[in-house]
Amino acid sequence: MRFGIIGAGSIGSIISKKLVKNGNDVKIADARGMEHLKGKELAGTPVPVEDAIKDIEVLIISLPTKAIPSIRNIIDQVGEEVIIVDTSNYYPFRDDKIEEIEDGMVESVWVSNQLGRPVVKAFNNLLAYTLENKGTSEDSSGRIALAVAGDDHAQKQIVRDVIHKLGFDAVDSGSLNDSWRQQPGTSAYCTELTKDELTKALKKVNKEKAPLLRDKVIEKFAEEKELEFSHKDVVNLNREIYNS
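All of the points below concern the structure found in this document. (Residues numbered from 1 in each chain as written. Predicted model: local features only at pLDDT ≥ 70, side-chain atom pairs only at ≥ 80, totals over all residues. Heavy atoms only, no water.)

### Quick notes on the environment of glutamine 182
Keep this limit in mind: Strands are runs of DSSP state E lasting at least 2 residues, helices are runs of H or I lasting at least 4, and numbering of each runs from the N terminus. By the convention used here, residues are in contact when the closest approach between their heavy atoms is within 4.5 Å. Between N or O atoms, a polar contact is any pair within 3.5 Å; within protein, one atom must be a potential hydrogen donor and the other a potential acceptor, and residues adjacent in sequence are included only when both atoms are from side chains.
By the element assignment, glutamine 182 lies in the loop between β8 (169-174) and α9 (195-204). Distance in space between the C-alpha atoms of glutamine 182 and lysine 121 is 9.0 Å, their sequence separation being 61 residues. Ignoring sequence-local partners within four residues, the contact set of glutamine 182 consists of Lys121, Ala122, Asn124, Asn125, Ala147, Val148, Ala149, Ser173, Ala188, Tyr189 and Leu202. Polar side-chain contacts of glutamine 182 include one of 2.5 Å to the side chain of serine 173.

This is how it looks when you write it as C-alpha cells:
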C-alpha cells in the first residue's frame, strides 16, 4: 500500500519503519519543514509535507493535538478517497487548553472538525516502545491489541488490517464519537491489553473520570521526575491509576 505520514516524532517514525519493513511505499514529512527531518534515522522517503499527500491510499497524521489546525491547508488538497488516520492524544500541559475539548468534545471529533475531513482514530492507545518492540505473530498468545474508531466501516477495516500486519490485534471501538473510550485516562489507554481484555476495557470506561485520571498520571511522573521509570513501570502505573 501507499502511505503518507505527517509527523516524524516517535510514533510517526516507528509506524514508518514498520510499514516499510512490511513492503509498503511510505513517504514521511515534518509539518514544520524538511529541515526538521535532518539527522533523523527514518524509513521511507523524506519529503516536503506537500508531497506526503500525493499518490497515497492512507495518510497518517502523528502530530501534537495543538498542531493539527496548522495543516488544514494541506488536508484540503488530499484526495477524497484517501483514508486519514489520527494518532494524536490531547494533553493540556503540552497542547495548551483547547476549550472545546475541555468542555467535553471528543478529541478526534475536534481533530476532524479542524481538518474538515472524516478521520479514523488509531495508533493512539499504545506507547512508542510497545509499537516498536511488542508486535508479534498472529498465533502468539497474549498478542497486544489496538483500538480503532471511526464512522466509515470500510476505512476502519483497512486500518485494522494494517495494524494486524504490523503485529497487533485490532478492536473496533465504535464511531468517532466513541473514540473517547481510547483516550488518555481510560483503562484502554497504554495498558497493553489483549483483544479480549481491550474489548472489555472499552465497555467499562468512564468519560467523566478520564481527564482526572490522565492528569493524575502526569502528576505522578512530575512528582517522581528524578526516578527513571522503565517501560514496565509506566504500563503498570497506567493500569493502576486508570483502573481506579
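### Examining the packing of helix α10 (residues 210-223) against helix α11 (residues 231-242)
Defined as follows: Helix axes are fitted to C-alpha atoms over the stretch in contact, other axes to C-alpha atoms as well, and angles between N-to-C directions run from 0 to 180 degrees. In this scheme, roughly parallel covers angles under 35 degrees and roughly antiparallel covers those over 145, while 65 to 115 is roughly perpendicular and the rest are oblique. Whether a crossing is left-handed or right-handed is set by the direction in which the near helix is turned from the far one by less than a right angle, anticlockwise for left-handed and clockwise for right-handed. By the convention adopted, Pro, Cys, Tyr, Trp, Phe, Met, Ile, Leu, Val and Ala count as nonpolar, Lys, Arg, Asp and Glu as charged, and the other residues, Gly among them, as polar.
Closest axis-to-axis distance for the α10/α11 pair is 10 Å, and the angle between their directions is 140°. As judged from the angle between their axes, α10 and α11 are oblique. Two packed elements cross with a definite hand, and for α10 against α11 that hand is right-handed. Of α11, the residues touching α10 (which contributes Leu213, Arg214, Lys216, Val217, Lys220 and Phe221) are Val234, Leu237, Asn238, Ile241 and Tyr242. Across the contact of α10 with α11, the residue classes break down as seven nonpolar, one polar and three charged.

### Remarks on helix α6 (residues 107-115)
Test applied: The rule is simple: take the accessible area with a 1.4 Å probe, protein chains only, and divide by the maximum for that residue type; under 20% is buried, over 50% is exposed, in between is partly exposed.
With seven of nine residues buried, α6 is to be regarded as a mostly interior element. Every buried residue belonging to α6 is among Glu107, Ser108, Val109, Trp110, Val111, Ser112 and Leu115, and all of these are buried. Buried positions along α6 lie against β4 (58-61), α3 (72-75), β5 (83-86), α5 (99-102) and β6 (120-121). Positive phi appears at glycine 116, one or two residues downstream of α6, with a value of about 70°.

### Things to note about the pattern of salt bridges
For clarity, the threshold we go by: Within this document, salt bridges are pairs made up of a side-chain nitrogen of Lys or Arg and a carboxyl oxygen of Asp or Glu, the two lying within 4 Å of each other.
Counted according to the given criterion, the structure contains 13 salt bridges. The partner of arginine 2 in a salt bridge is aspartate 55, and the shortest N-O contact between them spans 3.4 Å. Of this pair, arginine 2 sits in strand β1 (residues 2-6) while aspartate 55 sits in the loop between α2 (49-52) and β4, placing them 53 residues apart in sequence. Classification of arginine 2 as partly exposed rests on a relative accessible area of 32%. Of the charged contacts in the structure, one is a salt bridge between aspartate 51 and lysine 54, with a shortest N-O distance of 3.1 Å. Judged by its relative accessible area of 27%, aspartate 51 falls in the partly exposed class. One network of salt bridges, in which partners are shared, links Arg2, Asp55 and Glu57.

### Describing the environment of alanine 52
Take alanine 52: it is sitting in helix α2. The class of alanine 52 is buried, set by a relative accessible area of 0%. When the C-alpha positions of alanine 52 and isoleucine 144 are compared, they lie 29 Å apart, and in sequence the two are 92 residues distant.

### Considering helix α1 (residues 10-21)
The condition is simple: To estimate how far a helix should extend, the number of its residues minus one is multiplied by 1.5 Å.
The first and last C-alpha atoms of α1 sit 17 Å apart over 12 residues, in line with the 16 Å expected at 1.5 Å per residue. Of all the residues in α1, the buried ones are Ile11, Gly12, Ser13, Ile14, Ile15, Ser16, Lys18 and Leu19. Those residues of α1 that are buried lie in contact with β1, β2 (25-29), β4, α7 (128-133) and α8 (153-165). Within two residues after α1, glycine 23 carries a phi angle of roughly 90°, on the positive side.

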